[in-house]
Amino acid sequence: MYTNNYSNSVSTNSLYKVYSWMMVGLGITAITSALLYASGIFMLIIQIPMISLLLLIVQISLTISMGRQLSRNTPASTMKTMFIVYSLTMGINMTSLAYVYSAGQIAAAFGISAIYFACLAIIGKTTKMDLSKVGNICLIGLIAMIFSQFFFMLFRVGMDVRLWSVIGLLLFTGLTAWDIQKMNYMLDGYEDEKISIYMALQLYLDFLNIFLYILRLLGRRDD
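All values reported here derive from a predicted model rather than from experimental measurement.

A. Region of interest: helix 6 (residues 103-126). Between its first and last C-alpha, helix 6 extends 35 Å over 24 residues, near the 34 Å set by a 1.5 Å rise per residue. Listing the buried residues of helix 6 in full gives Gln105, Ala109, Ser113, Phe117, Leu120, Ala121 and Gly124. Looking at the buried residues of helix 6, the elements they touch are helix 2 (12-39), helix 8 (161-187) and helix 9 (193-218).

B. Structural context of the packing of aromatic side chains. Taken as a whole, this structure holds nine aromatic pairs when the rule is applied. With a centroid separation of 5.7 Å and 70° between ring planes, the pair formed by Phe117 and Phe207 is classed as edge-to-face. Of this pair, Phe117 sits in helix 6 while Phe207 is found in helix 9, placing the two residues 90 residues apart along the sequence. According to the relative accessible area criterion, Phe117 is buried, its value standing at 5%. Each residue in the set Trp21, Phe83, Tyr86 and Tyr204 is aromatic and connected to the rest through ring pairs, giving one cluster. In this structure, Lys182 is placed above the aromatic ring of Trp178, and the distance from its NZ or CZ to the ring centre is 4.3 Å.

C. Seen up close, the packing of helix 8 against helix 9. At a closest axis distance of 9 Å, the pairing of helix 8 and helix 9 adopts a crossing angle of 160°. Comparing their axes, helix 9 and helix 8 come out roughly antiparallel. Taken as a pair, helix 8 and helix 9 cross one another with a handedness that is left-handed. For the contact of helix 8 with helix 9, the per-class residue count stands at 18 nonpolar, six polar and four charged.

D. Spatial organisation of the packing of helix 4 (residues 51-69) against helix 5 (residues 76-94). Here helix 4 crosses helix 5 at 155°, and the two axes come no closer than 10 Å. On the basis of their axis angle, the class for helix 4 and helix 5 is roughly antiparallel. Our pair here, helix 4 against helix 5, has a crossing hand that is left-handed. Two secondary-structure elements touch here, helix 4 through Leu55, Val58, Gln59, Leu62, Thr63, Ser65, Met66 and Gln69 and helix 5 through Met79, Met82, Phe83, Val85, Tyr86, Thr89, Met90, Ile92 and Asn93. Tallied by class, residues from the contact of helix 4 with helix 5 come to 11 nonpolar, six polar and no charged.

Reading the values: the criteria
- Residues numbered from 1 in each chain as written.
- Predicted model: local features only at pLDDT ≥ 70, side-chain atom pairs only at ≥ 80, totals over all residues.
- Heavy atoms only, no water.
- Helix = DSSP H or I, 4+ residues; strand = E, 2+ residues; numbered from the N terminus.
- Expected span 1.5 Å × (residues − 1).
- Buried < 20%, exposed > 50% of the residue type's maximum accessible area, 1.4 Å probe, protein only.
- Contact = heavy atoms within 4.5 Å.
- Phe/Tyr/Trp six-rings, centres within 6.5 Å; stacked < 30°, edge-to-face > 60°.
- Lys NZ or Arg CZ within 6 Å of the ring centre and 35° of its normal.
- Axes fitted to C-alpha atoms, helices over the stretch in contact; angles between N-to-C directions.
- Parallel < 35°, antiparallel > 145°, perpendicular 65-115°, else oblique.
- Left-handed = near helix turned anticlockwise from the far one by under 90°.
- Nonpolar A, V, L, I, M, F, W, Y, C, P; charged D, E, K, R; others polar.

What follows is the structure, given as structure tokens:
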């Protein structure tokens, strides 16, 4: 059970490491996307056969590998390298957003996401309520939503993008608050840098998903 008692004993240094690495990851992703879009290199990359599948495989492999490193006697530098590579590959994926949404919409969505995430961080750190049940329900809901979207695409059933975005945002609201509470529990009394990097990855993914759903709610730009 995750309670407020755990979060109070987590050192400021541990939290600083997590959020610092999370911001590093977001910065790498943003810079990568901006450079690929401005240079036009992205249009060359997407011509590589099965590039989307290759990037997905790399990202899944890195996520699984980083989780395994926690129980192995490997240096934190290994996880840092994997996190940086993950952020770079995600930057390639995110470049496509610049062709769909305006710079103003992307900036607005990022700003709203930052404020929204900060509120969830406060809730996750200060609440005395055990969020594990909420997190598990949201995780099941997310899996169900992913399968539903796959089913709709497979059978060409129309989907309301904004409705799915609202549902996705609600699910990641619960997941993010849970991850932050879980982070406080995992870091309780520890200064393990590998745990900090791993939790930074989790929060990095939470933020990106919140950002994407908010961006979709803002709507596509008019051509």
